[in-house]
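# Structure assessment
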Amino acid sequence: MASNAMTTNDSKRTEWRDRYRNGFFLAPMVRVGTLPMRLLARQYGADLLWAPEIVDKSIVGCERVVDDKTGVISYIKHDKDIFTTHPSEKQQVIFQLGSAGPETALAAAKAVEQDVSGFDLNCGCPKKFSIQGGMGAALMSDPDRLCSILDILVKNIDLPITCKIRVFDDVEKTLELVRKIAATGISALTVHCRTRDMRPHEKAMWSRLKDVVSELPDLPIILNGDIYEYADVQRARDETGASSVMTARGAAANPSIFRSEGMLPTMEAAQEYTKYAVRTSNNFVNTKYTLLQMYPDTKTEQFALLRGTRKYKDMCEAMGLAEFYESEGAELVHSRAEPPDANANKRSTSTTDTTLQCVAESASKPLPKRVKV
């Protein structure tokens, strides 16, 4: 019996690791990597989808709400969406945890495990709020605590667990850390090829990944840093030996980066993003922020129109999607999505349910299911 169980566990671990090989992934991005971006990246070909980092204490105690019109699953606290997902992305979405302790990390993972396909521990964020809280890159300086979080997740969550780090200035110190991390039994390791103090405009040090790949030949190693077009994926793998590659800023600028056929015009991708945002009733401020990242020229009329919008109706008009909003969008945007002054002006129109796989069959089903987690 014990032998059979061990064989089953080994088979599962191999299967989990294989899903992180030979892929092009959407990297976790604060604010940008919310549900609309993930669904669009999935449409364009992303193999796995990292959600933005969410602090463990934020997700514990949330109310799980299923919107029967759209199928969107929201984890809500204090009338705010802390995390949203959709069944269509379940097999690909990776929940990234911000955590400073094993028990709270486990409680957070248990709260959402039914709706995701894996968990990633953020050990690379250099932001002040993360460092001061003992999370993110602070964990790299406390490997025992870092590994205790991974260990409890690996042993108690029946989903693949991964980790995302940066590199130290010292090569051997980096290798010592990754050896300890790998020993916890994780399914993959992502390395952002910059140090904690390096800024995004500084060139990522791809060469530093070679040592990690050599040190951990059986563990999928994912490269993060300076992937701006589809051709960079194979180049990065060839130069470093990485199993897979993920992109953040490349996808933020144009989500169609995942298309093997080549990127679409930015405006076309931005319009598709807007449709997903409306259809999933994404937070308006978040949608507007993400769209503005796709417009490098801030002096254009299009940028000015978009920046001046205050509600989804205006946004859709600015994006050339007025007809889309009137035909289906207005009925899908819920009260939490738009600023209070926008809600009073939102027009009520009929919904066209046939144009998006993310929208369920009918708007006349029971009220959302609410379960506290």
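Above: the structure in question.
Residues numbered from 1 in each chain as written. Predicted model: local features only at pLDDT ≥ 70, side-chain atom pairs only at ≥ 80, totals over all residues. Heavy atoms only, no water.

### A few points about the overall build of the protein chain
- When its secondary structure is counted, the protein chain shows 16 helices and 13 strands.
- Going through the 373 residues of the protein chain one by one, you find that 55% of them count as buried.
- Pairs at least 24 residues apart make up 67% of the contacts formed inside the protein chain by residues separated by at least 6 positions.
- Carbon and sulfur atoms make up 50% of the accessible area of the protein chain, which amounts to about 16,400 Å² in all. (Helix = DSSP H or I, 4+ residues; strand = E, 2+ residues; numbered from the N terminus. Buried < 20%, exposed > 50% of the residue type's maximum accessible area, 1.4 Å probe, protein only. Contact = heavy atoms within 4.5 Å. Areas by Shrake-Rupley, 256 points an atom, 1.4 Å probe, with all protein chains shown as cover.)

### Some points on unusual backbone geometry
- A positive phi is found at Asp79, a non-glycine position, where the angle reads about 65 degrees.
- With respect to the helices and strands, Asp79 occurs in the loop between β5 (73–77) and β6 (80–85).
- A positive phi angle is found at Asp226, which is not glycine, with a value near 65 degrees.
- Within the secondary structure, Asp226 sits in the loop between β11 (221–224) and α9 (231–240).

### Remarks on helix α6 (residues 143–156)
- Over its 14 residues, α6 runs 20 Å from end to end, which matches the ideal 20 Å to within 8%, given 1.5 Å per residue.
- Within α6 the residues assigned to the buried category are Leu146, Cys147, Ile149, Leu150, Ile152 and Leu153.
- In the core, the buried residues of α6 are packed alongside β7 (93–98), α4 (102–112), β8 (119–123), β9 (161–165) and α7 (171–182). (Expected span 1.5 Å × (residues − 1).)

### A closer look at α9
- By the burial criterion, the buried members of α9 are Asp232, Val233, Ala236 and Thr240. An end-on view of α9 places all buried positions within 110 degrees of arc, on one side of the element. Summarising the geometry of α9, the exposed residues directed more than 90 degrees from the buried face are Ala231 and Asp238.
- Packing partners of the buried residues in α9 comprise β1 (24–26), α8 (209–215), β11 and β12 (244–247).
- Immediately downstream of α9, the backbone of Gly241 shows phi near 85 degrees, a positive value. (Arc of directions from axis to C-beta.)

### Examining the packing of aromatic side chains
- In the structure shown here, the tally under the stated rule is eight aromatic pairs.
- Taking the centre distance of 4.7 Å and the plane angle of 50 degrees together, the rings of Phe24 and Phe258 count as tilted. One end of the pair, Phe24, is in strand β1; the other, Phe258, is in the loop between α10 (249–253) and α11 (266–279), and 234 residues separate them in sequence.
- Here Arg19 stacks its cationic end above the ring of Tyr20, 5.3 Å away from the centre of that ring.
- The ring of Phe168 has Lys173 lying over it, and the distance from NZ or CZ to the ring centre is 4.5 Å. (Phe/Tyr/Trp six-rings, centres within 6.5 Å; stacked < 30°, edge-to-face > 60°. Lys NZ or Arg CZ within 6 Å of the ring centre and 35° of its normal.)

### Focus on the pattern of salt bridges
- Enumeration over the complete set of coordinates arrives at 18 salt bridges.
- With a closest N to O distance of 2.5 Å, Asp226 and Arg194 form a salt bridge. Of this pair, Asp226 sits in the loop between β11 and α9 while Arg194 sits in the loop between β10 (188–192) and α8, placing them 32 residues apart in sequence. Side by side, Asp226 and Arg194 carry an identical accessibility label, which is buried.
- The closest approach of N and O atoms between Lys275 and Glu272, which form a salt bridge, is 3.7 Å. Placement of both Lys275 and Glu272 in helix α11 is noted, with a separation of three residues, approximately one turn of the helix.
- On the basis of relative accessibility, which here comes to 23%, the residue Glu272 falls in the partly exposed class.
- Three or more residues joined by partner-sharing salt bridges are found here, namely Glu172, Arg179 and Glu215. (Salt bridge = Lys/Arg side-chain N within 4 Å of Asp/Glu carboxyl O.)

### Let's talk about the environment of Trp206
- Turning to its location among the elements, Trp206 is positioned in the loop between β10 and α8.
- In this structure Trp206 comes out as buried when scored by relative accessible area, which is 8%.
- Spatially, the C-alpha atoms of Trp206 and Val191 are 9.6 Å apart, while their sequence positions differ by 15 residues.
- With near-sequence residues (within four places) excluded, Trp206 lies in contact with Cys193, Leu223, Gly225, Asp226, Ile227, Asp232, Arg235, Ala236, Glu239 and Thr240.

### A word on the pairing of β11
- Judged by which residues are buried, β11 turns out to be covered on both faces: Ile221 and Leu223 on one side and Ile222 and Asn224 on the other are all buried.
- When β11 meets β12, the two strands line up parallel, connected through three bridges. Bridging from a neighbouring strand, Leu223 pairs with Val245 of β12. (Pairing = 2+ DSSP bridges.)

### Some remarks on the side chain of Thr85
- If you trace the backbone, Thr85 turns up in strand β6.
- One polar contact links Thr85 to Glu89, side chain to side chain, over a distance of 2.5 Å.
- Look past the residues within four positions of Thr85 in its chain and what remains in contact with it is Leu35, Arg38, Gly71, Val72, Ile73, Val93 and Asp115. (Polar contact = N/O pair within 3.5 Å; in protein donor to acceptor, adjacent residues only side chain to side chain.)

### A closer look at the nonpolar core
- Ranked by size, the top nonpolar core spans 109 residues in total, and within it Phe119, Ile165, Ile181 and Leu189 carry the most contacts.
- Not counting the four nearest positions on each side in its chain, Ile181 is found in contact with Leu146, Cys147, Leu150, Cys163, Ile165, Ile186 and Leu189. (Core = buried A, V, L, I, M, F, W, Y, C linked by side-chain atoms within 4.5 Å.)

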